[in-house]
Amino acid sequence: MANVIRELMLMETGGYPLDQPMIIDDGSGTPSVVAFVEDAESDVLMLRFNTDGEVEIQTKEYSYVSFFKSLLSQLDDMIDEADELWGTLQVYWDDKEGNWVGWEHTATQPKTVG
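Residues numbered from 1 in each chain as written. Predicted model: local features only at pLDDT ≥ 70, side-chain atom pairs only at ≥ 80, totals over all residues. Heavy atoms only, no water.

Undergrad: Quick question: what am I supposed to make of unusual backbone geometry here?
TA: A negative phi angle characterises most non-glycine residues, just as the trans form characterises most peptide bonds. In this model, Asp19 sits at a positive phi of 65°, which is unusual for a non-glycine residue. By secondary structure assignment, the location of Asp19 is in the loop between α1 (2-12) and β1 (22-25). In this structure Asp19 comes out as partly exposed when scored by relative accessible area, which is 29%. (Helix = DSSP H or I, 4+ residues; strand = E, 2+ residues; numbered from the N terminus. Buried < 20%, exposed > 50% of the residue type's maximum accessible area, 1.4 Å probe, protein only.)

Undergrad: Help me understand helix α2 (residues 69-89) in this model?
TA: Along an α-helix, residues three or four positions apart point the same way, because every turn accommodates 3.6 residues. For α2, with 21 residues, the first-to-last C-alpha span of 30 Å sits near the 30 Å given by 1.5 Å per residue. Considered for burial, the residues of α2 that qualify are Leu71, Leu75, Met78, Ala82, Trp86 and Leu89. If you follow the buried residues of α2, they end up packed against β1, β2 (31-38), β3 (44-49), β4 (55-58), β5 (93-94) and β6 (99-100). (Expected span 1.5 Å × (residues − 1). Contact = heavy atoms within 4.5 Å.)

Undergrad: Sorry, what's going on with the packing of aromatic side chains here?
TA: Given two aromatic rings, their pairing is described by the distance between the two centres and the angle made by the two planes. This model, assessed by the stated rule, comprises three aromatic pairs. A ring pair is formed by Tyr16 and Phe36, whose centres lie 6.0 Å apart and whose planes are at 15°; its orientation type is stacked. Separated by 20 residues along the polypeptide, Tyr16 in the loop between α1 and β1 and Phe36 in strand β2 bring together distant segments of the chain. For the pair Tyr16 and Phe36, a shared accessibility class is recorded, and that class is buried. When the ring of Trp93 is compared with that of Trp100, the centres are 5.1 Å apart and the planes differ by 70°; the resulting orientation is edge-to-face. (Phe/Tyr/Trp six-rings, centres within 6.5 Å; stacked < 30°, edge-to-face > 60°.)

Undergrad: Before we go on, may I ask you to explain the sheet that holds β2 in this structure?
TA: Strand pairing in a sheet takes place through backbone hydrogen bonds and is either antiparallel or parallel in direction. An order of β1-β2-β3-β4 is seen for the four strands of this open sheet, with the pairing classed as antiparallel. Of all strands in the sheet, those bounded by a partner on one side alone are β1 and β4. Strand-to-strand, the axes of this sheet are offset by a mean angle of 40°, without reference to chain direction. The strands touched by α2 within the sheet are β1, β2, β3 and β4, with β2 carrying the most contacts at an inclination of about 160°. (Pairing = 2+ DSSP bridges. Axes fitted to C-alpha atoms, helices over the stretch in contact; angles between N-to-C directions.)

Below, the structure written as structure tokens:
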């Protein structure tokens, strides 16, 4: 049963793993550092880690989210990991182009789900 639930959550993330920061293409050819997490209500949420340490919670249709203490503690570690990922990406910023160049191989590839 737990595997079925985990598989359903994987479908909600588009094939990306839960609980770990990763680099993805945000759909515009620009890298984003995100993590997918499960809240206390078993809803899957996307966290977007910005370069200044800010964490944005992507909730879509939810009017509120609830977190257990364990996720909040884990979030502190995820922020550090996200900062490292942004550090890795910095070599791909091209000042002349004003854009990211050649970073795509650093992106996490989703698993095929279904």
